[in-house]
Amino acid sequence: MPDKIAITLDVNGKSYDVNVEPRRSLADVLREDCGLTGTHLGCEHGVCGACTVLVDGRPVRACLMFGVQAEGKAIRTVEGLADGDVLHPLQKAFWENHGLQCGFCTPGFLMLAVGALEENPAMSEAELRDVLSSNLCRCTGYQNIVKAVRLAADEMRARRA
Amino acid sequence: MTWIGRSLPRLEDPALLKGRGNYVADHAKGALHVTFVRSALAAGDIVGIERPAEGLVFTGADLDGVGPIRPVLHRPDYRAVGQPVLPVERVVFPGQAVAVAVAASAAEAEDLAEQVFIDIDPIEPILDFDAALAADARAVHPEAPENVLVEGRLETPGFAETVASAHAVVELELRSRRQSAMPLEPRGGVASFDEATGRVTLVASVQMPHMLRTGITDCLGIPESDLRVVAPDVGGGFGQKMSLFPEYVVLVWLARRLRGKVAWIEDRRENFLASAHSRDQAFTVRGAFAADGELLALEADLRSNVGAFSCYPVTCGVEPLMAFGELPGPYRFSQYKVRSRGVTTNTCMMAPYRGVARPMLTFTMERLMDKAAAQLGIDAVDIRRRNLITAFPHRSPTGVVYDEGSYLQAMEAAVAHVDIPAFRARQAEARRHGRCLGLGVSVFSERTGYGTPVFAQRMMGIVPGYESVDLVMDPSGNVEVRIGASPHGQGLKTSLAQLVSDEVGVTPDKVRVVSGDTDATPYGWGTFASRSIVISGGATKLAAVAAATKLRKIAAKLMEASEEDIALEDGYARVAGTNKAMPIPELARAAYHQSQRLGMPAGIRESGFYDPAGTFSNACHICEVEVDVETGGVRIVRFVVVEDAGVVINPMIVDGQIAGGVAQGIGNALYEEMIYDDDGNLLTVSLADYLPPTALEVPDLEILHMETISPESVTKAKGVGEGGTIGAPAAVLNAVADALSPFGVEINVMPATPERIRAAIRNAKVPADA
Ligand code: FES
Ligand code: FES
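So, how was this worked out
- Residues numbered from 1 in each chain as written.
- Chains lettered and ligands numbered in written order.
- Predicted model: local features only at pLDDT ≥ 70, side-chain atom pairs only at ≥ 80, totals over all residues.
- Heavy atoms only, no water.
- Helix = DSSP H or I, 4+ residues; strand = E, 2+ residues; numbered from the N terminus.
- Rg over C-alpha atoms; globule rule 2.2 N^0.38 Å.
- Buried < 20%, exposed > 50% of the residue type's maximum accessible area, 1.4 Å probe, protein only.
- Pairing = 2+ DSSP bridges.
- Axes fitted to C-alpha atoms, helices over the stretch in contact; angles between N-to-C directions.
- Contact = heavy atoms within 4.5 Å.
- Salt bridge = Lys/Arg side-chain N within 4 Å of Asp/Glu carboxyl O.
- Expected span 1.5 Å × (residues − 1).
- Patch = residues over 30% accessible without salt bridge, like charges linked within 9 Å, V, L, I, M, F, W, Y side chains within 5 Å.
- Areas by Shrake-Rupley, 256 points an atom, 1.4 Å probe, with all protein chains shown as cover.
- Lys, Arg positive; Asp, Glu negative; His and termini not counted.
- Charge placed at Lys NZ, Arg CZ, Asp CG, Glu CD.
- Buried area = accessible area lost by both parts, 1.4 Å probe.
- Polar contact = N/O pair within 3.5 Å; in protein donor to acceptor, adjacent residues only side chain to side chain.
- Phe/Tyr/Trp six-rings, centres within 6.5 Å; stacked < 30°, edge-to-face > 60°.
- Lys NZ or Arg CZ within 6 Å of the ring centre and 35° of its normal.
- Parallel < 35°, antiparallel > 145°, perpendicular 65-115°, else oblique.
- Left-handed = near helix turned anticlockwise from the far one by under 90°.
- Nonpolar A, V, L, I, M, F, W, Y, C, P; charged D, E, K, R; others polar.
- 1 Å grid on protein atoms, 1.4 Å probe; cavity = no way out; pocket = protein on both sides within 12 Å on 5 of 7 lines; lining within 4 Å.
- Points joined across faces, edges and corners; volume = space filled by probe spheres on them.
- Arc of directions from axis to C-beta.
- Core = buried A, V, L, I, M, F, W, Y, C linked by side-chain atoms within 4.5 Å.
- Domains from an automatic or database assignment.

## Re the overall build of chain A
Each helix and strand in chain A was counted, giving five helices and five strands. Traced from its N-terminal end to its C-terminal end, chain A shows the element sequence β-β-α-β-β-β-α-α-α-α. Since a compact globule built from 161 residues should have a radius of gyration of about 15 Å, the 16 Å found for chain A is in line with a globular shape. If one aligns the C-alpha atoms of chain A with their principal axes, the spans along those axes are about 45 × 30 × 25 Å. Here chain A holds 161 residues, and the buried ones make up 58% of them.

As structure tokens, this is what we get:
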């Protein structure tokens, strides 16, 4: 078994001291070493996007990055979105518009959308669909996900204004 | 105001949105990890298995006394084939688990598994129907010398004469390639042994927890009370997680053997290789028509490649026998000759996938209608008008009885909504510019909510169907509903809470639905076959009505009123015509704590049991596509659904079921295909090879509703879980065929991939510029 390396990860503004094998993916480190199981694994080869988290503000496939590569970067996961029971506008929009069924893809879609909207809250419908086509959902048929993200974008823009 | 009919945001969602869902992999902490060592070959004799000198590795030889998985159909034509939990003699499909490695982490278990060498003497695999049914074909299993595991035949008297005197006979040969239900969360299980009780708890991503408990304990030869099965949050199932897989038996065996906790979370490759496939079917049909387009008789030869084993509990009869029985769909004709076979091959087992047989049989009937219309010079909608069933109950030639539906009305509503003449004008205009637009119609029935009366006809050794529900109102007036169904994304808990709220008068947030735990719920059949809202909903309603009756009795006693005058609503029991009212929590408290005053048994605890014969939902889908003749790519421009599922409990949830189903149907129609090479290697083992649609391929649907009430459902709701998947492929593929009609090509294979469409155009009888 390869030697473990001690690293410190900054996740949702909190620091986690963990001892991990260099071959361990960021997703596995988050799930198993930090206990943050909201990040899901649907393929472990970079296609489904269920594992999407934000690393320094950008959406990243946590299954394609090693945990040790994330040291010193600001990581955000689904657990950091809500403020206690107060949902993030995206979470609220997913809830009100039935943007989830089994919920397995949901954390990945939320983080993908948060990253995309924080970068450009004024995306056109076509751009939005294009971005959202990065991730897979097997349950919803996407239309409520697209709708929820569009409505949340409106609200996030209004809040900024 | 009632709760039924409202788009209440789901009670399930806040936890899932906050990343606080509770899926099987989230239970693996502290467990030893398990990796299965799988056969790299499709067929062969196991000569030996070399294990590494160190490490925990087990093979079939260690599983002494563990019996095979052996589902039963009591039909003379059924060949029961046992599936060894870990085979010792031979492998019969690529990816079959042969040994198991156990280590402290998943990575170490994988390292260990790599050191296990399985020596297999290869045998040439049999991969498709033609090879399996060839006269001199080797038997995949000695129990089934002809490679047919199940066969249904029927010929109505008068068939031959009807065909002979028909005006025209229209023939079709259609193929659905192999597909995967592909839930986003793969399979997995965590089994832990409890030293105190000697019991094992298996947390697993499954749709039928009670059935799994029966199946596993049967294999292990232990009483069911020694095993608790828990289905936590499940990341999609779509039928794939209905069946018992050997991996789960091994996990429970390992937990007992190691007196510890073991976890297996499969990866996507394993899921594609060795969970379950679906839809691998070839249908040849001949429809005999009168000159006016009336369908008089249908002849069908239906073949399903059921793979290496029969799935437990529903058996490999599930596809071929449903195709046999339900091919007539929503069409009225009385003469039917059919032969339907389930053929075994050296491929992954086929098991239910949302829609089961009906996506293919709807594709078949709807292609037949379009082809006959073209051949007879009748409009495609008119030919359906002539043939759709309109008198109910309708009895099909196979004896299936359809309750009241709106087949014709739903189609008329869809046709009116779409405005076909306007489309034809656009289509003609587009063609002048070399663009190919097409429109496809699909009308179909979706049999839902059927209980033991229907399953019993299939002569299954295990007859599923009923549901039980235990409902308790606690002293604070909150309700707990324990159900045997096992939802996994359908929002059933919310829908049931709405049903309960309307009866007992508390808000849905005060109703907690408990599911998916064999220790906490009554024996039930889980969630599949569009059954839950009808059957579990029916049982819930009956229990809620009984609880409401008791509440009214208590209220009548305490407020000195007559029981009939009590209304339960908004958290109160009110006496009609007065301003007397009592909060429901006070009644609940009295039921428990003042029972001596009430003169009735203490508490509020009721059960419901429901086992209906089932009901048919129906729908019409109309799809508009544009086909790029250069690339063979298909873009869906518009998709209209008119759905009749009776009373809609939560419109948002119902529309979500339709939208998700249609998306899967689009994938089935255009993109998704499991491919084996000639040696039996599965080529589609990643999501880069197997292509479910993304947000770019699925359009926003236009969904309209109709509401035909069925006496066969106490909630007046009909199931809606599968319709989207059943109807969409036919609508999409009819649209593609319509778009390509200038080329005179036929669309006979799903998925109609760009490659297939290009090949059809290249080989077209009519050149592109004709
Ligand atoms: S799990 Fe990372 S992309 Fe699928
Ligand atoms: S909600 Fe199930 S995969 Fe998206």
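## Let's talk about the sheet that holds strand β5 (residues 74–76) of chain A
All names here are of chain A. Ordered in space as β2-β1-β5-β3-β4, the five strands form an open sheet in which the pairing is mixed. Each edge of the open sheet is held by one strand with a lone partner, namely β2 (14–20) and β4 (58–61). This sheet shows a mean twist of 40 degrees between the axes of neighbouring strands, independent of strand direction. Inspection of the sheet shows strand β3 (residues 52–55) paired to β5 by two bridges, in the antiparallel sense. Bridged to V55 within β5 is I75. On the sheet, helix α1 (residues 26–33) packs against β1 (5–11), β2, β3 and β5 and is oriented at approximately 105 degrees with respect to β2. Each of β3, β4 and β5 touches helix α3 (residues 106–119); the most contacted strand, β3, lies at about 35 degrees to it.

## Remarks on the pattern of salt bridges
All names here are of chain B. One pass over the full model with this rule turns up 59 salt bridges over all chains. The salt bridge involving R286 is made with E171; its shortest N-O contact spans 3.5 Å. Of this pair, R286 sits in strand β13 (residues 281–289) while E171 sits in strand β8 (residues 168–176), placing them 115 residues apart in sequence. R286 gets classed as partly exposed once you look at its relative accessible area, which sits at 29%. Taking relative accessible area as the criterion, E171 reaches 46% and is therefore assigned partly exposed.

## Structural notes on unusual backbone geometry
All names here are of chain B. Geometrically, the link from F392 to P393 is a cis peptide bond, its omega value of -5 degrees lying close to zero. On the secondary structure map, P393 appears in the loop between α10 (380–387) and β16 (394–395). Of note, the phi angle at M182 is positive, near 50 degrees, even though the residue is not glycine. Assignment of secondary structure puts M182 in the loop between β8 and β9 (188–193). For M182, a relative accessible area of 1% gives the class buried. A positive phi angle, near 70 degrees, is found at A357, a position not held by glycine. Topologically, A357 is positioned in the loop between β15 (335–344) and α9 (358–376). On the accessibility criterion, A357 (1% relative accessible area) is buried.

## Considering helix α5 (residues 143–160) of chain A
Look at α5 of chain A: 26 Å from first C-alpha to last across 18 residues, which is about the 26 Å you get at 1.5 Å a residue. Buried residues in α5 of chain A make contact with α2 (89–96), α3 and α4 (125–132) of chain A together with α18 (651–670) of chain B.

## Points about a negative patch on the surface
All names here are of chain B. Taken together, the side chains of D45, E50, E89, D119 and D121 present a region of like negative charge at the surface. For the negative patch, the secondary-structure elements that each account for two or more residues are β2 (44–50) and β6 (117–122). Among the secondary structure elements, D121 is positioned in strand β6.

## Section: the interface of chain B and chain A
Of the residues lining the interface, 54 residues belong to chain B; the matching set on chain A comes to 47 residues. Summed over both partners, the interface of chain B with chain A comes to about 4,200 Å²; 57% of that surface belongs to carbon and sulfur atoms. By the criterion of area lost to chain A, the three top residues of chain B are L17, K18 and L184 of chain B, representing 19% of everything that side buries. Here D85 of chain A and K18 of chain B are joined by a salt bridge, their closest N and O atoms 2.9 Å apart. If you look at where chain B meets chain A, you find 27 residue pairs in polar contact (both at pLDDT 80 or more).

## Quick notes on the packing of aromatic side chains
All names here are of chain B. This model, assessed by the stated rule, comprises 15 aromatic pairs over all chains. Between Y402 and F616, the ring centres sit 4.2 Å apart and the planes meet at 15 degrees, which makes this aromatic pair stacked. On the criterion of sequence distance, the pair formed by Y402 in strand β17 (residues 401–402) and F616 in strand β26 (residues 615–627) is long-range, its members being 214 residues apart. Exposure class is identical for Y402 and F616. Each is buried. Through a chain of ring-to-ring contacts, the aromatic side chains of Y466, Y523, W525 and F609 assemble into a single cluster. One residue, R6, lies across the ring of W3, its end atom 3.8 Å from the ring centre.

## Here's the deal with the pairing of strand β23 (residues 572–575) of chain B
All names here are of chain B. Residues A573 and V575 line the buried face of β23, whereas the alternating positions Y572 and R574 sit on a face that is not buried. Pairing between strand β22 (residues 566–569) and β23: four bridges, direction antiparallel. Counted as the bridge partner of A567 is R574 from β23. Taking the residues between adjacent antiparallel strands as the criterion, β22 and β23 are bridged by two residues, where D570 takes a positive phi near 50 degrees.

## Some words on the packing of α10 of chain B against helix α11 (residues 407–418) of chain B
All names here are of chain B. Contact geometry of α10 with α11 gives a least axis separation of 10 Å together with a crossing angle of 160 degrees. Accordingly, the angle class assigned to the pair α10 and α11 is roughly antiparallel. Here α10 runs over α11; the crossing is left-handed. In contact with V381, R384 and R385 of α10, α11 contributes L408, M411, E412 and V415. The class makeup of the residues in the contact of α10 with α11 is four nonpolar, no polar and three charged.

## Observations regarding empty space enclosed by the protein
Residue and element names in this part refer to chain B. One pass over the full model with this rule turns up four cavities of 30 Å³ or more. Roughly 660 Å³ of volume is contained in the largest cavity. Together, 47 residues line the largest cavity, and Q490, S530, R531, Q657 and G721 are the ones closest to its centre. Sorting the residues of the lining of the largest cavity by element identifies α8 (318–326), α14 (492–504), α15 (532–559) and α18 as the ones contributing at least two each. Top element by residues in the lining of the largest cavity is α18. It accounts for three residues. Of the voids in this model, the second largest cavity is the one considered here, and its volume is about 100 Å³. Q83, F93, P246, E247 and A274 are, among the 15 residues lining the second largest cavity, the residues nearest its centre. Residue composition of the lining of the second largest cavity, grouped by class: nine nonpolar, four polar and two charged.

## Some points on helix α2 (residues 106–114) of chain B
The α-helix advances 3.6 residues per turn, and as a result positions three or four apart in sequence lie on the same side. All names here are of chain B. Looking only at α2, the buried set comprises A109, L112 and A113. Buried residues in α2, looked at end-on, bunch into an arc of 100 degrees, giving them a common side. Among the structural elements, β1 (32–38), β3 (56–59) and β5 (97–103) are those in contact with the buried residues of α2.

## Considering the nonpolar core
Counting 216 residues, the largest nonpolar core has F94 of chain A together with L202, I216, Y248, F639 and V736 of chain B as the members making the most contacts within it. The element best represented in this core is α9 of chain B, accounting for nine residues. Taken domain by domain, this core gets at least three of its residues from each of domain 1 (5–80) and domain 2 (89–160) of chain A. When residues no more than four places from it in sequence are discounted, the contact partners of F94 of chain A are G99, L100, T106, F109, L110, I145, A148 and V149 of chain A together with L17 of chain B.

## Side note on the sheet that holds strand β27 (residues 634–644) of chain B
Two pairing modes exist for strands in a sheet, parallel and antiparallel, and in both the strands are linked by backbone hydrogen bonds. Residue and element names in this part refer to chain B. Pairing is mixed in the open sheet, where four strands are placed in the order β18-β26-β27-β28. Every other strand in the sheet has two partners, leaving β18 (436–448) and β28 (702–706) as the edge strands with one partner each. Geometrically, the sheet is characterised by an average inter-axis angle of 15 degrees between neighbouring strands, direction not taken into account. Across five bridges, β27 lies against β28 in parallel orientation. Pairing of V641 across the sheet is with I703, part of β28.

## Things to note about the domain arrangement of chain A
All names here are of chain A. Segmentation of chain A into domains returns domain 1 (5–80) and domain 2 (89–160). One C-alpha centre belongs to domain 1, the other to domain 2; they are set 21 Å apart. Across the contact, 18 residues belong to domain 1 and 16 residues belong to domain 2. Summing both partners gives a buried area of about 1,200 Å² for domain 1 against domain 2, and 59% of it is carried by carbon and sulfur. Of all residues in domain 1, the largest losses of buried area upon contact with domain 2 belong to H40, T52 and V78, amounting jointly to 34% of the total for that side. In this structure, the connection of domain 1 to domain 2 is made through one salt bridge.

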